[in-house]
Amino acid sequence: MAKIIGEALPNIPWEEKPAGCKDVMWRYSANPIIRRDEQKNSNSIFNSAAVPFGDGYAGVFRCDDRARRMNLFAGFSKDGIHWEIEDEPLVFEGDGIPEEILKVQYRYDARVLKCEDRYFICWCNGYHGPTIGLGYTYDFKKFYQLENAFLPYNRNGVLFPRKLNGKYVMLSRPSDTGHTAFGDIYLSESPDLVYWGRHRYVMGTSPFEESAWQTTKIGPGPAPIETDEGWLLFYHGVLTSCNGYVYSFGAALLDLEDPTKVLYRSRPYLISPQMDYECVGDVPNVTFPCAALTDAETGRIAIYYGCADTVTGLAFTKLDEVLDWLKKNSL
Ligand code: BMA
């Protein structure tokens, strides 16, 4: 049996696979768990991240307001399903950065992860175009911001939950100023969370004859999950259909020592937009994962994903099941 290297999480949000379901990943029956208007001024709440915190959970939520401004908000939950999201956006204090970097243009699609003694937050940060913002908190009350990790333009920065060979490691998807029509996953490392370099290609889009859901662009989803067989990465992939972009997600297994080596990568998707709340919304046909909770004891995995850029859903799988599927269905 493969093992998640991490902590037990007995109260992980969970629902058993419905009888007769043949899928490797299944949706929570009460999806969406977060409605579009659950926060004071929100137009939509999606592409958000959650982590175990205290005896419950904390998260960083993307709430676009009714002026359609994109910003990040802290939220708290006892069970990982019912959330209280704050009315005011995150305020970061600079950690060695000038006012210019602290200024908020727009912030979206946060990932949150525990690394060493703190919770890191990576997000898409407006700085003359999208780049990767980076900050941390100890308590989800006070937040500290570091330098942007990269030059514009980049989206989907995702830090690993621990250093590798003494360096912090981040996956990202270099992009452009608009609704980028390309995108591969790269890995960069840093000795100090300020200077990022040694950029390496990890994986790119696939030929459509091979696997069409990931032909236009791909990008990292939740922070990689450490297992004894490798880093389990859930990633999104985009197909350009005659009706626009379709965002699905699948999984890959990266080498534990050298995560630029892709051991397996899924040919089929795990989740694609099929339910009404995934197909209908501000941006139709989007399923976009940003967080994963894991229970090392049972191998349970719960994924938070944005649905149609409007609401937030939960989906479940188990480590053994997803690895077995990945190995049998690899590109
Ligand atoms: C991506 C990001 C995501 C969004 C997706 C679909 O480029 O902007 O926030 O969910 O497009 O609109």
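Residues numbered from 1 in each chain as written. Predicted model: local features only at pLDDT ≥ 70, side-chain atom pairs only at ≥ 80, totals over all residues. Heavy atoms only, no water.

(A) Here's a closer look at unusual backbone geometry. Geometrically, the link from asparagine 31 to proline 32 is a cis peptide bond, its omega value of -10 degrees lying close to zero. In this fold, proline 32 is placed in the loop between strand 1 (26-27) and strand 2 (42-53). You will see that asparagine 156, though not glycine, has its phi angle at about 60 degrees, which is positive. The residue asparagine 156 is located in strand 11 (residues 154-159) in this model. Here asparagine 156 falls in the buried class, since its relative accessible area comes to 3%. Within the chain, arginine 198 stands out as a residue other than glycine whose phi angle is a positive 45 degrees. Turning to its location among the elements, arginine 198 is positioned in strand 14 (residues 197-203). (Helix = DSSP H or I, 4+ residues; strand = E, 2+ residues; numbered from the N terminus. Buried < 20%, exposed > 50% of the residue type's maximum accessible area, 1.4 Å probe, protein only.)

(B) Region of the structure containing the sheet that holds strand 20 (residues 287-295). In space, the four strands of this open sheet follow the order 1-22-21-20, with antiparallel pairing throughout. Every other strand in the sheet has two partners, leaving strand 1 and strand 20 as the edge strands with one partner each. Sheet analysis places strand 21 (residues 300-307) next to strand 22 (residues 311-318), joined by eight bridges and oriented antiparallel. Opposite isoleucine 303, over in strand 22, you have alanine 315 as the bridge partner. In the packing of helix 3 (residues 319-328) onto the sheet, the strands contacted are strand 1, strand 21 and strand 22, and the crossing angle to strand 22 comes to about 80 degrees. (Pairing = 2+ DSSP bridges. Contact = heavy atoms within 4.5 Å. Axes fitted to C-alpha atoms, helices over the stretch in contact; angles between N-to-C directions.)

(C) Looking closely at the site of the ligand. What surrounds the ligand is the set Asn47, Arg62, Tyr108, Asp109, Lys217, Tyr247, Val283, Val286 and Asp309. Between tyrosine 247 and the ligand, the recorded distance is 3.0 Å, taken from a side-chain N or O atom to an oxygen atom. Between the ligand and aspartate 309, the relevant distance is 2.6 Å, taken from an oxygen atom to a side-chain nitrogen or oxygen of the residue. Here the ligand loses 86% of its free accessible area of 310 Å² to cover by the protein chains. (Near = heavy atom within 4 Å. Polar contact = N/O pair within 3.5 Å; in protein donor to acceptor, adjacent residues only side chain to side chain. Areas by Shrake-Rupley, 256 points an atom, 1.4 Å probe, with all protein chains shown as cover.)

(D) Structural context of the packing of aromatic side chains. As enumerated under the stated definition, the model contains 25 aromatic pairs in all. Measuring from centroid to centroid gives 5.0 Å for phenylalanine 61 and tryptophan 83, while their planes differ by 65 degrees, and the two rings are edge-to-face. Separated by 22 residues along the polypeptide, phenylalanine 61 in strand 3 (residues 56-65) and tryptophan 83 in the loop between strand 4 (70-77) and strand 5 (84-85) bring together distant segments of the chain. For the pair phenylalanine 61 and tryptophan 83, a shared accessibility class is recorded, and that class is buried. Ring geometry for tyrosine 245 against tyrosine 247: centres 6.3 Å apart, planes inclined by 75 degrees, an arrangement best described as edge-to-face. Judged by its relative accessible area of 12%, tyrosine 247 is buried. Through a chain of ring-to-ring contacts, three or more aromatic side chains come together here, namely Phe53, Phe76, Phe92, Tyr119, Trp123, Phe140 and Phe143. The side chain of arginine 118 reaches across the aromatic face of tyrosine 136, ending 4.5 Å from its centre. (Phe/Tyr/Trp six-rings, centres within 6.5 Å; stacked < 30°, edge-to-face > 60°. Lys NZ or Arg CZ within 6 Å of the ring centre and 35° of its normal.)

(E) Here's a closer look at the pattern of salt bridges. Counted under the stated rule, the structure contains 19 salt bridges. Between glutamate 226 and arginine 162 there is a salt bridge, with its nearest N and O atoms 2.7 Å apart. With glutamate 226 in strand 16 (residues 225-227) and arginine 162 in the loop between strand 11 and strand 12 (168-174), the pair connects residues that are 64 residues apart, well separated along the chain. Overall, the relative accessible area of 14% leaves glutamate 226 in the buried class. Through salt bridges with shared partners, one network takes in Arg35, Asp37 and Glu38. (Salt bridge = Lys/Arg side-chain N within 4 Å of Asp/Glu carboxyl O.)

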